[in-house]
Amino acid sequence: GGSSSSTASASSTPAAAGSSSAAATTGGDLSGKTVVFIPKLTGNAFFESANNGAQKYSKDWGFTVDYQGSPNAAVADEVQVVNNAVASGADAICISSVDATGLDDALKSAIEQGMTVCTWDSDVSPDARSLMVSQGTPDILGQMLVDMGAEALTNRGVDVTKDAVNYCWHYSQATVADQNSWQVAGEAYIAEKYPNWVNVAPDNYYSEQDAEKAVSVGASILEAHSDIDLIICNDSTALPGQCKAAQNAGLTAKDVTITGFASPMSIKDYCAAGVIERWGLWDCGVQGAMGCYLAAYLAAGNTVKVGDKVEIPSIGTVEIMPNDVLVPGQETAATNNGVVLMPERLVFTQDNMNNYDF
Amino acid sequence: MEQSRNSAPGALLSVRGITKAFSLNAVLKGIDLDVGSGDVVALIGGNGAGKSTLMKIIMGIYQPDGGELYVAGEKATLGSPTAALARGIYMVPQEPLLFPNMTVEENIVVGFSEKPAVLHRRLVELMEENGWELDLSRKASSLSIAEQQLVELLRGLLRNARVLILDEPTSALTFDEVESLFKCVESLKSKGIGIIYITHRLAEVFEIATHVAIMRDGVITLSGPVGNFDRDMLVQGLLPPNMETQADKGVNEDVEIDYTGLPPVFELQNYSGYGFSNVDLKVYPGEILGVAGVVGAGRTELATTIFGRDKVLGGKAILDGADITGLSTKKVLCAGINYVPEDRHLNGLFKISDVAANTTSGLLDQKELGSFFLNVKKEAEITKKYVDDFRIKITGQDQLTGSLSGGNQQKIVIGRALSTSPKLVILDEPTRGIDAAARGDVYNIIHQLRNQGVAVMLISSDMEEIVELSDRAVTVFQGRINGEFAKKDINQDNLMAAAFGVTGGKQVQQ
Amino acid sequence: MNTLKKITKIREINSLFFLIALFAIVGMVNPAFLAPTTLFNCFNDSVVFTLLATGIAFVILTGEIDVSIGATLGLSAAISSSLLRDGASWFVAIAAGLLAGVVVGLINGFGVSTLGIPSLIFTLGTNGVVRGMIYVYTGGAWVENLPASFTKLSQVKLFGNLTIFYLVVLLGVIAAHIALTHTRRGRYFIAVGDNAAGATLVGIPAKRTKILAYVLCGVLASVAGIIYSSRIGFITPTAGNGYEMKAIAACVLGGISLSGGLGSLLGASIGAVIMSSVSRILVFLGFSSDYDNTITGILLITIVVIDALTQNRAATKSRHERLAARTGPAHAKKGGAAK
Amino acid sequence: MKHSPLERFKKGVKSWETVLLGLLLAEFVIFGIANPKFLMPRVLLGSVNDIISICIISLFVTFVMITGGIDIQAGSIVGLSSIVIGVTWQDFGLNIWVAAILAMVVAALCGALSGFFVAYCGVQPMVVTLGGSFLYTGIALLVSNISATASYKGISGFPEDFTQIAKFKLFGVIPSQLLIFAALTVIAYFLLHKSKFGRKVFLVGVNPRAAEYSGINSRFVTLLTYVLSGVSASIAGIVLTAYLGTAKSDIGVTFTLPIITAVVLGGTLSTGGKGSVIGTALAALVIGVLRFGLPLSFKVSNQYLDIPVGLLLLIVVVGRSIAANPTLLRKLGIGKAKRQKNKA
Ligand SMILES: Nc1ncnc2c1ncn2[C@@H]1O[C@H](COP(=O)(O)OP(=O)(O)OP(=O)(O)O)[C@@H](O)[C@H]1O
Ligand SMILES: Nc1ncnc2c1ncn2[C@@H]1O[C@H](COP(=O)(O)OP(=O)(O)OP(=O)(O)O)[C@@H](O)[C@H]1O
Ligand SMILES: [Mg+2]
Ligand SMILES: [Mg+2]
């Protein structure tokens with residue numbers, strides 16, 4: 001995973017503390033297991049990278065990761081993928097859900113039929129899965145987005161606590177769960193920490209994961225708000241599109257700050273060209289691999305409970321945490337239920353962006 | 001055998017042993033035909049005899065299953081119309097095939113390689129020569145059938161073809177236009193152009209043809225110079241071997257109707273609409289009211305407006321004492337009027353539906369066919385009634401009407417109009433494009449109706465037809481009724497004069 | 001007066017009026033929209049849709065439809081840009097992209113014209129196959145990191161702020177428009193769409209014309225794909241998803257009839273500008289993005305409904321005028337001399 | 001003599017439903033051999049759940065296409081119906097069944113609006129319904145904004161008896177969704193092929209002008225077909241909402257192309273006038289089973305499934321066109337034609 005990263009300020013969350021205490025579980029053999037690894041949609045850089053990571057690690061671990069997904073990020077399509085996975089007789093499912101509750105029934109029936117279900121990236125109801133490998137809570141990620149923006153603004157010579165900063169959000173659409181939850185958390189964070197900032201479009205801009213639209217919406221934002229200071233693009237299509245629009249308009253990171261979440265590969269050209277200074281993501285390859293490992297781990301008959309530590313070979317040790325670290329008030333079952341947080345999120349800049357290959 | 005296989009010497013076009021079948025239906029069974037320079041070969045035959053099919057083969061639209069074509073003595077394979085055009089063959093099709101979104105001029109000159117300006121000049125000259133008037137910048141979609149036919153003719157004439165095929169060119173033309181077409185054909189004849197002329201009007205054969213050929217059931221039963229035949233011989237040749245000569249002449253033996261004290265079943269009072277105005281008209285039960293006029297006089301508009309297809313601008317329409325002015329088609333139908341449209345392909349037929357569906361389509365809003373579910377038995381019954389009554393030639397009730405011949409299609413449309421048991425039937429050009437036998441059948445149907453006490457409004461541009469059938473006639477000129485004739489006064493001269501706006505030797509004042 | 005009437009009868013002029021009116025209204029709400037940069041960008045950003053719409057216009061004019069162009073765009077974009085990324089020469093990369101368009105176009109043309117399969121069905125089939133091919137070709141991954149020299153092309157501007165892409169495409173469209181309306185062979189496309197049987201009768205090779213239309217459509221879709229690559233800089237396997245519908249809508253907005261034989265390429269390109277400006281317009285109008293789809297829908301429906309109603313009314317009116325003219329001067333004295 | 005098997009084959013091919021049924025059986029056999037699990041009732045019958053929306057809607061989009069129209073808005077009406085149920089139930093406190101009926105009314109109105117523009121204003125259906133798909137997707141989002149639940153979250157927690165619509169299993173194996181589909185197929189069949197309304201739909205599709213001259217209100221019939229397809233979309237929306245347990249505004253957006261594909265594969269003429277409910281139902285199942293069987297039995301990744309579905313469509317229509325018109329083959333294989341001529 002990303003070893004030499006500048007860790008985001010918000011990443012001081014409880015995570016793998018490097019503790020070497022062995023997992024308190026009964027042993028079970030992972031080799032030969034099959035984990036169906038389900039993205040929200042295929043053909044998206046984020047999920048493809050996660051799959052690459054999962055495939056790479058799983059080879060060493062000795063089990064099979066079967067990447068199955070629909071090209072559409074639609075709940076009905078994903079349910080079908082889940083049902084196909086169940087029918088195929090795999091051992092476990094590791095899924096990034098497009099809908100917070102819409103997959104619950106399908107996953108519960110998978111569990112009833114003896115499968116292990118874990119989630120990663122985007123969660124379902126806690127009783128419809130065992131473990132969730134989370135890149136962080138909405139608060140963490142929302143704050144991270146805002147902090148990246150604030151940092152870049154500061155580097156431009158803006159006093160982020162005093163100057164009137166005009167900003168807006170540009171991402172995929174109003175119905176996508178995680179991106180919206182980050183936006184909500186980020187807004188709350190801004191309201192609290194930077195009351196002097198002005199959101200020029202409180203209803204946000206959407207480009208529906210259409211690259212062409214991302215560029216054209218991006219261009220319109222720059223044209224319609226010539227005084228815009230910061231554009232936060234928490235979507236992996238919106239961010240490169242917004243950068244391209246700025247580049248087309250001849251703007252650089254000195255004129256307008258663009259930040260957001262996207263893989264380093266898709267943005268590094270713009271960074272090299274001076275269009276963007278910093279952006280972030282987490283190592284989705286590691287995240288995918290972790291999800292698949294844990295799914296296979298439980299499928300092999302291991303049991304875990306909150307507080308246990310699991311050692312994931314060549315990644316590190318992770319701790320099982322209660323569900324309420326993600327959503328306050330959520331209950332956690334006695335065994336095989338809980339949340340694993342990604343140890344760190346990455347912020348990419350000119351200096352480190354070439355260290356990653358996703 | 002060997003002889004007949006070859007092209008006749010000097011012929012512009014020779015057809016030898018052409019056969020053609022559509023799936024299992026053998027339409028042409030070995031046709032031989034020659035067209036020499038300056039010949040006008042009149043090709044006659046019943047509906048579905050295969051005339052148009054033969055012409056389409058000559059034109060390269062269909063490929064023959066067997067047989068040969070010779071153009072100017074050379075064997076030719078005409079794989080496409082392009083090949084036929086290149087050899088100087090052009091066909092004016094039976095159904096006009098215009099480009100609806102193009103102007104008249106574009107329609108005529110499309111496909112030519114000459115300069116537009118040159119073409120335009122030639123076109124204008126041609127029209128002046130023939131005395132045809134057409135606004136060249138009008139869109140083809142706004143043309144009436146007659147006008148479409150003129151455009152098709154102009155196309156053919158402008159092509160300077162060596163062999164010109166005219167497939168029923170006069171079926172929609174006015175008297176004047178037919179006259180000028182004949183002049184035109186004469187002049188082509190003298191230029192040495194060979195013409196194949198398809199028609200159902202035997203009079204035309206004797207007027208312009210040099211040769212005649214009769215087709216029946218996919219073979220040519222009779223052919224030779226026109227001088228060798230007379231009308232009766234042709235009629236005989238057209239009819240199936242052992243059939244009585246009853247068909248052609250619908251017998252009108254009925255006595256004159258006594259109108260005194262008879263209340264009209266249908267009445268128009270000062271009725272105006274688009275294309276006609278201030279029409280006063282009465283139709284009595286059990287009479288055939290002929291409505292004569294030249295094409296474009298506005299009769300179709302009058303009929304379709306009564307039928308609820310267009311807006312009424314003034315006046316009243318009264319059926320059996322009930323005011324039906326401006327009602328929707330559905331309500332007019334229920335009230336007891338039905339209409340057989342003049343353009344059966346556009347407004348009459350459901351080509352890819354079967355005979356039964358076509359016949360009963362007017363009954364769908366009536367209880368007769370069931371309240372919610374379609375009563376299939378009843379449907380078959382009604383269809384059978386009309387198929388039998390009208391002697392409609394079909395392979396079964398599930399045959400698609402698009403594959404029927406024109407006459408049979410027309411009978412089905414008439415059958416539909418009668419299925420609603422109307423008090424008044426308006427027939428608009430009911431015999432256009434159908435052969436003598438079918439025409440006789442239609443006439444019989446009309447008489448039957450009359451005898452059943454149904455009132456019939458017969459719109460026709462064929463004066464002979466009006467004379468033959470009507471109990472009373474009116475003429476329409478420029479959207480107004482300008483003449484009414486009692487049975488004894490109905491004759492070609494009177495009708496013609498009134499139709500052209502000349503009554504009693506003087507122009508009707510506008 | 002008469003010329004004015006004639007001009008409004010040209011459907012693409014109506015579309016142009018509509019475009020101007022739309023821009024004027026947006027400009028009134030937010031004058032920033034009328035800044036030259038923004039205005040030009042409306043056109044610059046329409047370049048992909050202009051290509052798609054004019055491409056599909058050829059097919060629609062001949063009376064057919066092609067719903068595979070979005071996938072063709074994606075495939076060409078993926079092929080060309082992956083070759084460029086991997087260091088192939090520009091010539092090879094572009095030729096390969098165009099070849100993909102030609103092949104798809106030929107297959108569509110063959111199926112629709114030679115085999116006589118209804119075009120909606122056939123191109124739905126090729127759409128599925130081509131879209132799947134993109135996943136096979138790319139393995140589902142994005143094509144990124146295209147050579148800067150290639151992506152820079154999209155920034156080259158002439159005459160102030162018009163990109164060279166749009167300029168070239170616009171000139172191409174105008175040239176094609178003239179060729180289509182003023183040459184003998186050009187008229188074939190419209191003639192075939194207007195009445196295929198009639199076209200065959202006057203010696204127009206209807207089948208070949210249709211195949212040509214599909215090939216042109218495929219090629220233009222791949223040109224669109226290549227320009228898309230340069231403009232966007234990264235290719236996702238979903239690139240061009242749903243663009244076929246927007247391109248069809250653009251054609252209709254530009255006055256092209258889906259039943260064929262009516263309309264022009266210039267109209268299609270104007271429609272493309274309207275269609276691709278919608279999201280930009282919404283930003284300037286300050287609408288919440290939540291209204292995006294609602295307003296796009298309302299706009300689209302309003303335009304086509306108004307257009308259809310005015311066309312219908314004009315047709316009815318001219319028919320009524322012609323019919324009224326027959327009855328002579330209105331309300332002349334009644335009837336004639338009855339016998 | 002020699003041609004008789006060919007002739008018979010041609011006749012068989014003519015009954016399109018037979019071909020589709022054969023295809024469906026072939027799929028069962030092939031997938032079943034490749035992976036016997038495929039034929040397990042629970043697996044096979046359960047798989048129907050995932051395609052049921054498309055099956056249901058395509059039944060009624062068939063009506064629209066027979067009138068010569070097309071409906072690409074049905075998918076967006078699914079989402080609208082779903083969110084209307086969710087919002088009126090959760091935020092307005094309506095009884096869930098009242099909410100479901102309300103959703104059907106809303107869907108009918110949506111269909112009627114588009115149908116009105118198509119039938120009474122003469123606008124081209126593809127464009128109207130494209131506009132409709134934008135409009136209704138947009139309205140669905142706006143409706144979801146009314147709710148206290150954020151639009152990206154989806155409304156859940158529906159009462160048990162509502163979710164039973166999609167979860168109930170007859171004899172423990174036959175899913176209720178399959179029963180709903182079967183019932184709707186029967187209804188659609190009788191409506192289209194046995195009722196007077198169905199006859200009108202066909203006649204309007206063949207020749208709307210002739211239909212008008214027969215006293216049929218072509219425009220109204222056309223409008224009704226859009227209402228029908230809208231209502232069917234709302235039924236799909238209700239079933240899907242119950243199945244997923246979640247009401248969301250965007251749950252149907254990906255259905256458009258599969259619906260049209262099912263209808264045309266079912267033998268409906270895209271120019272109108274011809275089509276059959278059974279054909280559509282079978283075609284929808286053929287596509288659905290293909291999409292389910294290939295990943296299960298042949299490990300084809302889901303993202304490539306567009307290819308086999310597209311290929312199936314192409315092979316079937318090409319085969320059909322050649323069977324209907326054997327001269328095509330002769331034209332294509334010119335060599336063969338020449339040989340025949342030489343023999344003659
Ligand atoms: N494309 C076709 N497919 C199947 N059958 C056809 C086709 N064209 C014509 N027929 C059939 O061939 C026969 C001959 O038709 P054709 O049009 O040549 O007759 P016709 O002599 O021109 O009749 P009419 O006087 O009515 O014009 C008819 O039975 C008709 O149904
Ligand atoms: N613009 C048009 N659009 C559609 N149909 C038209 C149009 N103009 C004319 N028609 C139809 O063409 C047919 C022939 O009309 P035309 O004007 O030739 O004669 P008419 O007024 O019906 O005269 P008559 O019936 O006395 O011969 C009618 O059915 C008419 O409704
Ligand atoms: Mg004929
Ligand atoms: Mg008339």
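Conventions and cut-offs
Residues numbered from 1 in each chain as written. Chains lettered and ligands numbered in written order. Predicted model: local features only at pLDDT ≥ 70, side-chain atom pairs only at ≥ 80, totals over all residues. Heavy atoms only, no water. Donors = N, O, S within 2.8 Å, 3.2 Å for Na, K, Ca; no water. Helix = DSSP H or I, 4+ residues; strand = E, 2+ residues; numbered from the N terminus. Buried < 20%, exposed > 50% of the residue type's maximum accessible area, 1.4 Å probe, protein only. Axes fitted to C-alpha atoms, helices over the stretch in contact; angles between N-to-C directions. Parallel < 35°, antiparallel > 145°, perpendicular 65-115°, else oblique. Contact = heavy atoms within 4.5 Å. Nonpolar A, V, L, I, M, F, W, Y, C, P; charged D, E, K, R; others polar. Polar contact = N/O pair within 3.5 Å; in protein donor to acceptor, adjacent residues only side chain to side chain. Domains from an automatic or database assignment. Buried area = accessible area lost by both parts, 1.4 Å probe. Salt bridge = Lys/Arg side-chain N within 4 Å of Asp/Glu carboxyl O. Pairing = 2+ DSSP bridges.

## Side note on the coordination of the magnesium ion (ligand 4)
All names here are of chain B. Looking at the metal site, the magnesium ion (ligand 4) is ligated by Thr300 (OG1) and Glu342 (OE), spaced 1.9 to 2.4 Å from it. One end of the pair, Thr300, is in helix α10 (residues 299-306); the other, Glu342, is in the loop between β16 (337-340) and α12 (344-348), with 42 residues separating them in the sequence. The exposure class assigned to Thr300 is buried, which follows from its relative accessible area of 18%.

## Side note on the packing of helix α3 (residues 36-44) of chain C against helix α14 (residues 265-285) of chain C
All names here are of chain C. For the pair α3 and α14, interaxial distance at closest approach is 8 Å and the crossing angle is 140 degrees. Here α3 is positioned oblique relative to α14, judged by the angle of their axes. Contact residues: Thr38, Asn41, Cys42 and Phe43 in α3; Val273, Ser276, Ser277, Arg280 and Phe284 in α14. Each residue belonging to the contact of α3 with α14 can be placed in one class, and the counts come to four nonpolar, four polar and one charged.

## What to know about the interface of chain D and chain C
Listed as interface residues are 42 residues of chain D and, on the opposing side, 47 residues of chain C. Taken together, chain D and chain C are joined by six residue pairs in polar contact (both at pLDDT 80 or more). Listing elements by their share of the side of chain D that touches chain C, those giving two or more residues are α6 (96-121), α7 (125-146), α13 (256-265), α15 (306-324) and α16 (327-332) of chain D. No other element matches the 14 residues that α7(D) contributes to the side of chain D that touches chain C.

## Remarks on the domain arrangement of chain B
How big an interface is tends to be expressed through the accessible area that disappears when the partners come together. Residue and element names in this part refer to chain B. The domain architecture assigned to chain B consists of domain 1 (11-239) and domain 2 (266-507). Centre-to-centre, using C-alpha coordinates, domain 1 lies 30 Å away from domain 2. Across the contact, 14 residues belong to domain 1 and 15 residues belong to domain 2. Regarding the contact of domain 1 and domain 2, the summed buried area is about 1,200 Å², with carbon and sulfur atoms giving 60% of it. Run the count over domain 1 and domain 2 and you get zero salt bridges.

## Points about the sheet that holds strand β6 (residues 89-92) of chain B
The strands that make up a sheet pair up through hydrogen bonds in the backbone, lying either parallel or antiparallel. All names here are of chain B. Pairing in this open sheet of six strands is mixed, and the strands run β6-β7-β8-β3-β9-β10 from one edge to the other. Among the strands making up the open sheet, the edge pair consists of β6 and β10 (219-225). With strand direction ignored, the average angle separating the axes of adjacent strands in the sheet is 15 degrees. Strand direction decides the pairing type here: strand β7 (residues 163-167) and strand β8 (residues 194-198), joined by five bridges, are parallel. Looking at the pairing, Leu164 lines up with Ile195 of β8. Contacting β6 and β7, helix α6 (residues 145-158) crosses the sheet at an angle of about 170 degrees to β6.

## Topic: the pattern of salt bridges
Residue and element names in this part refer to chain A. According to the stated counting rule, one finds 42 salt bridges over all chains in the structure shown. Residue Arg278 pairs with Glu277 through a salt bridge whose shortest N-O separation is 3.0 Å. Arg278 sits in the buried class, given a relative accessible area of 12%.

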